[in-house]
Amino acid sequence: MDIFEPIEEAITDCPGGICPVPWATDTSGDDLIPTPKEDLVNRPPHYTHGGSVECIEAIESQLTPEEYRGFLKGQIAKYVWREKHKGGKQSLEKAQWYLTRLIDQSL
């Protein structure tokens, strides 16, 4: 018998040619893989509309450096102000995001 000859025996304990093994997992739902969670603080999808330029970048390009710093300060004040009434922790995270940009502008 040649080692590469096909085996003609019927395998009866493997229905449909699929042999169950203890380590096998059900992959029937693999097409339902969840999409990555959106980062609503650092990269909210509604600020790019599917493009590569974010709204914040467009705003910065339209303002002088002094005006842009004022805009950032206003955003910080807005998110801190509304924290208890709208947004909670996420509002503080957004304020922190704008504060980080303001600090980076100062370097």
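Scroll up to find the structure.
Residues numbered from 1 in each chain as written. Predicted model: local features only at pLDDT ≥ 70, side-chain atom pairs only at ≥ 80, totals over all residues. Heavy atoms only, no water.

### Brief notes about a nonpolar patch on the surface
Stated precisely, the cut-off is as follows: Each patch is built from residues that are more than 30% exposed by relative accessible area and take part in no salt bridge. Like charges join if they lie within 9 Å; nonpolar side chains (Val, Leu, Ile, Met, Phe, Trp, Tyr) join within 5 Å. Surface accessibility in these figures is a Shrake-Rupley result with a 1.4 Å probe; residues are shielded only by whichever protein chains are displayed. Salt bridge, as applied in this entry: a Lys or Arg side-chain nitrogen positioned within 4 Å of an Asp or Glu carboxyl oxygen. Starting at the N terminus, helices and strands are each numbered in turn, a helix being any DSSP run of H or I of at least four residues and a strand any DSSP run of E of at least two. Exposure categories follow from relative accessible area, calculated using a 1.4 Å probe and restricted to protein chains: below 20% of the type maximum is buried, above 50% is exposed, and the middle band is partly exposed.
A cluster of nonpolar side chains, Leu-99, Ile-103 and Leu-107, forms an exposed patch at the surface whose accessible area comes to about 340 Å². Assignment of secondary structure puts Ile-103 in helix H3 (residues 89–106). In this structure Ile-103 comes out as partly exposed when scored by relative accessible area, which is 46%.

### Brief notes about the packing of aromatic side chains
Stated formally: Planes of paired rings set the category: under 30 degrees apart is stacked, over 60 is edge-to-face and the rest tilted, where pairs are Phe, Tyr or Trp rings (Trp by its six-membered ring) whose centres lie within 6.5 Å.
Inspection of the entire model under this criterion finds four aromatic pairs. When the centroid spacing of 6.2 Å and the interplanar angle of 20° are considered together, the rings of Tyr-68 and Phe-71 count as stacked. Highlighted residues: Tyr-68 and Phe-71, both in helix H2 (residues 65–82), separated by three residues, approximately one helical turn. Of the residues examined, Phe-71 reaches a relative accessible area of 23% and is grouped as partly exposed. A ring pair is formed by Phe-71 and Tyr-98, whose centres lie 6.3 Å apart and whose planes are at 80°; its orientation type is edge-to-face. Of the two residues, Phe-71 is situated in helix H2 and Tyr-98 in helix H3; the sequence distance between them amounts to 27 residues. Exposure remark for Tyr-98: the relative accessible area of 10% places this residue in the buried category. Here the aromatic residues Tyr-68, Phe-71, Tyr-79, Trp-97 and Tyr-98 are joined through ring pairs into a cluster of three or more.

### Considerations on the packing of H2 against H3
Heads up, the condition is: As a rule, the C-alpha atoms of each element are fitted with a line to give its axis, helices using only the stretch in contact, and angles between N-to-C directions run from 0 to 180 degrees. When an angle is under 35 degrees it counts as roughly parallel; over 145 it counts as roughly antiparallel; between 65 and 115 it counts as roughly perpendicular; any other value is oblique. Rotating anticlockwise by less than a right angle from the far helix to the near helix defines a left-handed crossing, while the corresponding clockwise rotation defines a right-handed one. Here, residues are in contact when the closest pair of their heavy atoms is within 4.5 Å. For this classification, Asp, Glu, Lys and Arg are treated as charged, while Ala, Val, Leu, Ile, Met, Phe, Trp, Tyr, Cys and Pro are nonpolar and the rest, including Gly, are polar.
Viewed as axis vectors pointing N to C, H2 and H3 meet at an angle of 160°, and their least axial separation amounts to 8 Å. As far as their axial angle goes, H3 and H2 are roughly antiparallel. Viewed along their axes, H2 and H3 form a crossing whose handedness is left-handed. On the side of H2, the interface is formed by Tyr-68, Arg-69, Phe-71, Leu-72, Lys-73, Gln-75, Ile-76, Tyr-79, Val-80 and Arg-82, while H3 contributes Ser-91, Lys-94, Ala-95, Tyr-98, Leu-99, Arg-101, Leu-102, Gln-105 and Ser-106. Residue composition of the contact of H2 with H3, grouped by class: 10 nonpolar, four polar and five charged.

### Observations concerning the nonpolar core
Spelled out, the test is: Only buried residues count toward a nonpolar core. Its members are Ala, Val, Leu, Ile, Met, Phe, Trp, Tyr and Cys residues joined through side-chain atoms within 4.5 Å.
Counting 10 residues, the largest nonpolar core is built from Val-41, Ile-56, Tyr-68, Leu-72, Ile-76, Tyr-79, Ala-95, Trp-97, Tyr-98 and Leu-102. Those elements that place two or more of their residues in this core are H2 and H3.

### Examining the environment of Ile-59
In this fold, Ile-59 is placed in helix H1 (residues 55–62). Residues Ile-59 and Phe-71, 12 residues apart in the sequence, show an inter-C-alpha distance of 9.0 Å.

### Some remarks on the pattern of salt bridges
Between side chains of opposite charge, pairing is possible as soon as their charged atoms come close. Inspection of the entire model under this criterion finds two salt bridges. Linking Arg-101 and Glu-60 is a salt bridge whose minimum nitrogen-to-oxygen distance equals 3.7 Å. Of this pair, Arg-101 sits in helix H3 while Glu-60 sits in helix H1; the two residues are 41 residues apart in sequence, bridging distant segments of the chain. By relative accessible area, which is 29% here, Glu-60 ends up partly exposed. The partner of Lys-89 in a salt bridge is Glu-93, with the nearest N and O atoms 3.8 Å apart. Here Glu-93 and Lys-89 lie together in helix H3, a separation of four residues that amounts to about one turn.

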